[in-house]
Amino acid sequence: MGFSEILAGMDSKIRPLMNILPPAYMVKVYSRGRKTFLKSLVKDIPAETVQIPEEKRQTLWETRFGNGLMNAAGMFKTGEGYLLAVRQGAGAYLAGTTTAIPRSGNVKSGVEHPFLPMPGSGAALNWMGLPNPGHAALAKKLSLIGRKKNCPLGASVSSDPEQSGKEAMQALVEGMKLYDKAGICFIELNESCPNVPHEHGSEFTSDGLDKSLVDRLEYIKENFLDNRPRLLPVIIKFSNDTAAEQIPALLDLMLDMGFDGVNFGNTSINYSGYESRIVQGEKKNFGYFTSEFGGGLSGRPLKDISLELASMTVKYIQSKELNREFNVIRTGGIETARDIAESEQAGIKLNQWFTGYFDSFAKYGHNLYKKIYSDERD
Ligand SMILES: Cc1cc2nc3c(=O)[nH]c(=O)nc-3n(C[C@H](O)[C@H](O)[C@H](O)COP(=O)(O)O)c2cc1C
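No experiment lies behind these values; they were computed from the predicted model shown.

Cut-offs used in this document
Residues numbered from 1 in each chain as written. Predicted model: local features only at pLDDT ≥ 70, side-chain atom pairs only at ≥ 80, totals over all residues. Heavy atoms only, no water. Helix = DSSP H or I, 4+ residues; strand = E, 2+ residues; numbered from the N terminus. Rg over C-alpha atoms; globule rule 2.2 N^0.38 Å. Buried < 20%, exposed > 50% of the residue type's maximum accessible area, 1.4 Å probe, protein only. Contact = heavy atoms within 4.5 Å. Areas by Shrake-Rupley, 256 points an atom, 1.4 Å probe, with all protein chains shown as cover. Lys, Arg positive; Asp, Glu negative; His and termini not counted. Charge placed at Lys NZ, Arg CZ, Asp CG, Glu CD. Disulfide = S-S within 2.5 Å. Arc of directions from axis to C-beta. Pairing = 2+ DSSP bridges. Axes fitted to C-alpha atoms, helices over the stretch in contact; angles between N-to-C directions. Near = heavy atom within 4 Å. Polar contact = N/O pair within 3.5 Å; in protein donor to acceptor, adjacent residues only side chain to side chain.

Chemist: If you had to explain the overall build of the protein chain to someone new, which residues and values would you point to?
Modeler: Of regular secondary structure, the protein chain possesses 13 helices and 15 strands. The globule rule puts the C-alpha radius of gyration for 378 residues at 21 Å, and the 20 Å found for the protein chain is close to it. C-alpha extents for the protein chain along the principal axes are approximately 55 × 45 × 40 Å. Taken over 378 residues, the protein chain has a buried fraction of 59%. In the protein chain, 77% of the contacts between residues at least 6 apart in sequence involve partners at least 24 apart. Surface summary for the protein chain: the accessible area is close to 16000 Å², and the carbon and sulfur share equals 52%. Looking at charge distribution, the protein chain has the averaged site of its 44 positive side-chain charges lying 7 Å from that of its 44 negative ones.

This is the structure:
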């Protein structure tokens, strides 16, 4: 058993008892502990690749994915952990999110990158603020990674919160070009981080879409998608707070612009809507974190909405009878074989996990992907 497996197992036993600590102390301990644990995890690479059933392999956008489950953005922000993902049997690997200018992320009340686990609710809150080394540094690092079969490498990018207008769009596309040169297999455009300021125009289109989003996607089409030297799929990740009524307009826009897939989605800021899904003993910490930092809610409370939004999207895409490939990714509350089975039944081919990954790692260690796919067959 590796050091990180021992650490995660011990922590999962202590964590529920930590709720008796003052919330501010709990946030301090876990914001720091999360980073220390990640550093140890990415070094703790299993000697052999855990085998996932071959029938789970799938070809999407002409690329072989080992299976339909991979890490969500933000887990490997600096491009660490590719070999770990390969050996654990992940279906793919996603680095980032990066921005044009490197960011150090949020600090408040003496806490850097505030994070709060709520293990009893299968949930977490974070207010990281997109700390990252920037597109150029991560693209360079990814270009040097030795690729393995069945684990395609992707990068998550975002428009820089410090820039606006044309400058921001230009820098985003420059970043996408650097990733293209680095030879990665897909790009995920993060349009949904709740923890950084966003450039929202007060203007809306007749479909009710944010005009600055429409402008950005048009710019990416004209300056990147239309003259891609190779098929480098670009997926857009929206929030799990996206209104279901907006899905047709969002998808029509994405299809018109030539994007290749969509991900529902990112963390939620609908605190009052999800408070009932936080167990009684964790409500105090939930209240403290959301009033002190705000932040995005992740994990089990998002399970139903991510399925609903991604399923609606699949149905809408099927009704369009497209002559090109467009895939739907589900992220939010993925933790068990049943979640993957429900996605498969709804025609969702790819899933990402973050909160559930760490809970599963504490229980099953490096066999966490195998556990999902062996339970699915039972
Ligand atoms: C600590 C933390 C950091 C995150 N960082 C990012 C990020 O950099 N980019 C992004 O698109 N999503 C980020 N997310 C959101 C996740 O990718 C995912 O969309 C969300 O957590 C819902 O999935 P889950 O329920 O499996 O956790 C982050 C989530 C957490 C918990």
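Following the structure, the description resumes.
Chemist: Which residues make up unusual backbone geometry, and what values do they have?
Modeler: Cis geometry marks the peptide bond from Gly-96 to Thr-97; its omega dihedral reads 20°. Structurally, Thr-97 is set in strand β4 (residues 93-98). Of note in the backbone geometry, Leu-130 takes a positive phi value of approximately 50° without being a glycine. Position of Leu-130 relative to the elements: it lies in the loop between β8 (123-126) and α4 (135-143). Since its relative accessible area comes to 5%, Leu-130 is described here as buried.

Chemist: Describe the state of the cysteines, with residues and values.
Modeler: What is meant by a disulfide is a covalent connection between two cysteines, made through their sulfur atoms. Taken as a whole and assessed by the stated rule, the structure comprises zero disulfides. Here Cys-151 is not cross-linked by a disulfide; its sulfur's nearest cysteine counterpart is in Cys-185, at 9.1 Å. Accessibility expressed as a relative area gives 3% for Cys-151, which makes it buried. Residue class for Cys-185 comes out partly exposed when judged on its relative accessible area of 22%.

Chemist: Give me the lowdown on the environment of Glu-308, citing residues and values where you can.
Modeler: Within the fold, Glu-308 resides in helix α10 (residues 303-320). Through-space distance from the C-alpha of Glu-308 to that of Ala-346 is 9.4 Å; in sequence the pair is 38 residues apart.

Chemist: Can you break down helix α11 (residues 337-345) residue by residue, with the values?
Modeler: All of the buried residues along α11 are Ala-337, Asp-339, Ile-340 and Ser-343. Down the axis of α11, the buried side of the element spans an arc of 160°, and every buried residue falls inside it. Exposed residues lying more than 90 degrees from the buried face of α11 are Arg-338 and Gln-345. Just beyond α11, the residue with positive phi is Gly-347, at close to 85°.

Chemist: Can you break down the sheet that holds β4 residue by residue, with the values?
Modeler: Adjacent strands of a sheet pair through backbone hydrogen bonds, lying either parallel or antiparallel. Taken together, the eight strands give an open sheet; going across it, the order is β3-β15-β14-β12-β11-β10-β9-β4, and neighbouring strands pair in parallel fashion. Here the strands that pair on one side only, and so sit at the sheet edges, are β3 (69-71) and β4. When the angles between neighbouring strand axes are averaged without regard to direction, this sheet yields 25°.

Chemist: Before we move on, could you go through the site of the ligand and cite the residues and values that matter?
Modeler: Surveying the vicinity of the ligand reveals 21 residues, the closest of which are Ala-73, Thr-97, Gly-299, Gly-333 and Thr-355. Lys-237 places a polar side-chain atom, nitrogen or oxygen, 2.8 Å from an oxygen atom of the ligand. Contact between the ligand and Gly-299: an oxygen atom at 2.7 Å from a main-chain N or O atom of the residue. Across the complex, the protein chains shield 98% of the 610 Å² of accessible surface that the ligand would expose by itself. Where the shell around the ligand is concerned, the elements lending two or more residues are β12 (261-266) and β13 (296-299).

Chemist: Which residues make up the sheet that holds β13, and what are the values?
Modeler: Ordered in space as β7-β8-β13, the three strands form an open sheet in which the pairing is antiparallel. Both outer strands of the open sheet, β7 (115-118) and β13, are each paired with one neighbouring strand and no more. Sheet twist, expressed as the mean angle between neighbouring strand axes with direction ignored, is 20°. With four bridges connecting them, β8 and β13 associate as antiparallel partners. Paired with Ala-123 across the bridge in β13 is Gly-299.

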